[in-house]
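Chain by chain, the residues run as shown.
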Amino acid sequence: MARIDLNADLGEGFGVWQLGDDDAMLGIVSSANVACGFHAGDPAGLLRVCRSAAQRGVRIGAQVSYQDLAGFGRRFIDVAPEDLLADVVFQIGALQAIAQAAGSAVGYVKPHGALYNSIVSHRDQAAAVAEAVATVDASLPVLGMAGSAFFEEADRRGLRTVTEAFADRAYQPDGRLVPRREPGAVLDDPVLIARRVVNMVTTGQVTATDGTVLPVAAESICVHGDSPGAVQIAAAVHEQLRTAGVEIGAFC
């Protein structure tokens, strides 16, 4: 039987501002990419999310990012590699303490937003993030894009790399994600998204915006928790995968 992990970005509220339905998503996904306070998330909210994840048996990942609350971590920042390394170490350490207090642990690391996209090709920043993870705990897997500079740097440091595909994001012909500012970058039809994910998992292929069929070998599928209709999309993906005979479970 085929097996796949479903992950979602959670804990992204801040104070009275709530984003997404974390509790509902935790009933669907097998891994939670929990914000670490740099792009979103406050300590009390992150503790609640980690407690809920622990109770449901959902794996917790540290979702590290640029220090950019105002931009939700979706703006590139030309941060010096040594500063970025320290930022990532800080974020992992903070979430490790919160997860431990919740009766769980951080099981992996996933970069967020602009940082995720920049380290596909930005070698210095990719090396800084990989070195930060290796410095904190070299047994932590890293979740990201196949063929990226980040994965090359992670491999050099002996980190386990876990390839990811996106349920609700359009792909360019070169295999990268369509930038969010462009029309059609984020998909919103739960039925079509669910069918697309089943095809990714069972055939190892995804169709780019120009019709190019791209190979995709993902160990985890991301269903964004902050998109409109996120719960409905994630539920549809979960249901269609199970109907197709695909087992859903965490990769670590």
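One can find the structure itself at the top, above this paragraph.
How each quantity is defined
Residues numbered from 1 in each chain as written. Predicted model: local features only at pLDDT ≥ 70, side-chain atom pairs only at ≥ 80, totals over all residues. Heavy atoms only, no water. Buried < 20%, exposed > 50% of the residue type's maximum accessible area, 1.4 Å probe, protein only. Helix = DSSP H or I, 4+ residues; strand = E, 2+ residues; numbered from the N terminus. Pairing = 2+ DSSP bridges. Right-handed = clockwise from strand over helix to strand, strands pointing away. Contact = heavy atoms within 4.5 Å. Patch = residues over 30% accessible without salt bridge, like charges linked within 9 Å, V, L, I, M, F, W, Y side chains within 5 Å. Areas by Shrake-Rupley, 256 points an atom, 1.4 Å probe, with all protein chains shown as cover. Salt bridge = Lys/Arg side-chain N within 4 Å of Asp/Glu carboxyl O.

1. Quick word on the pairing of strand S2 (residues 31-35)
Each regular strand displays side chains that alternate between the two surfaces of the sheet.
Point 1. Across the five residues that make up S2, a large majority, five, are buried.
Point 2. Burial of S2 is two-sided: the residues Ser31, Asn33 and Ala35 facing one way and the residues Ala32 and Val34 facing the other way are all buried.
Point 3. In the sheet, strand S1 (residues 3-10) pairs with S2 via four bridges, with the strands oriented parallel. When the sheet's bridge partners are listed, Asp9 is paired in S2 with Asn33.
Point 4. One crossover worth recording links S2 to the parallel strand S3 (residues 59-64) by way of helix H2 (residues 43-56), and it is right-handed.

2. Here's the deal with the environment of Ile193
Point 1. With respect to the secondary-structure elements, Ile193 resides in helix H7 (residues 190-203).
Point 2. For the pair Ile193 and Val237, spaced 44 residues apart in sequence, the C-alpha to C-alpha distance is 7.1 Å.
Point 3. Once you skip the residues sitting within four places of it in the chain, Ile193 turns out to touch Ala167, Asp168, Leu187, Asp188, Ile233 and Val237.

3. Looking at a nonpolar patch on the surface
Point 1. A surface patch of nonpolar side chains, amounting to about 320 Å² of accessible area, comprises Phe14, Trp17 and Leu69.
Point 2. Relative to the helices and strands, Trp17 resides in the loop between S1 and helix H1 (22-26).
Point 3. For Trp17, a relative accessible area of 46% puts it in the partly exposed group.

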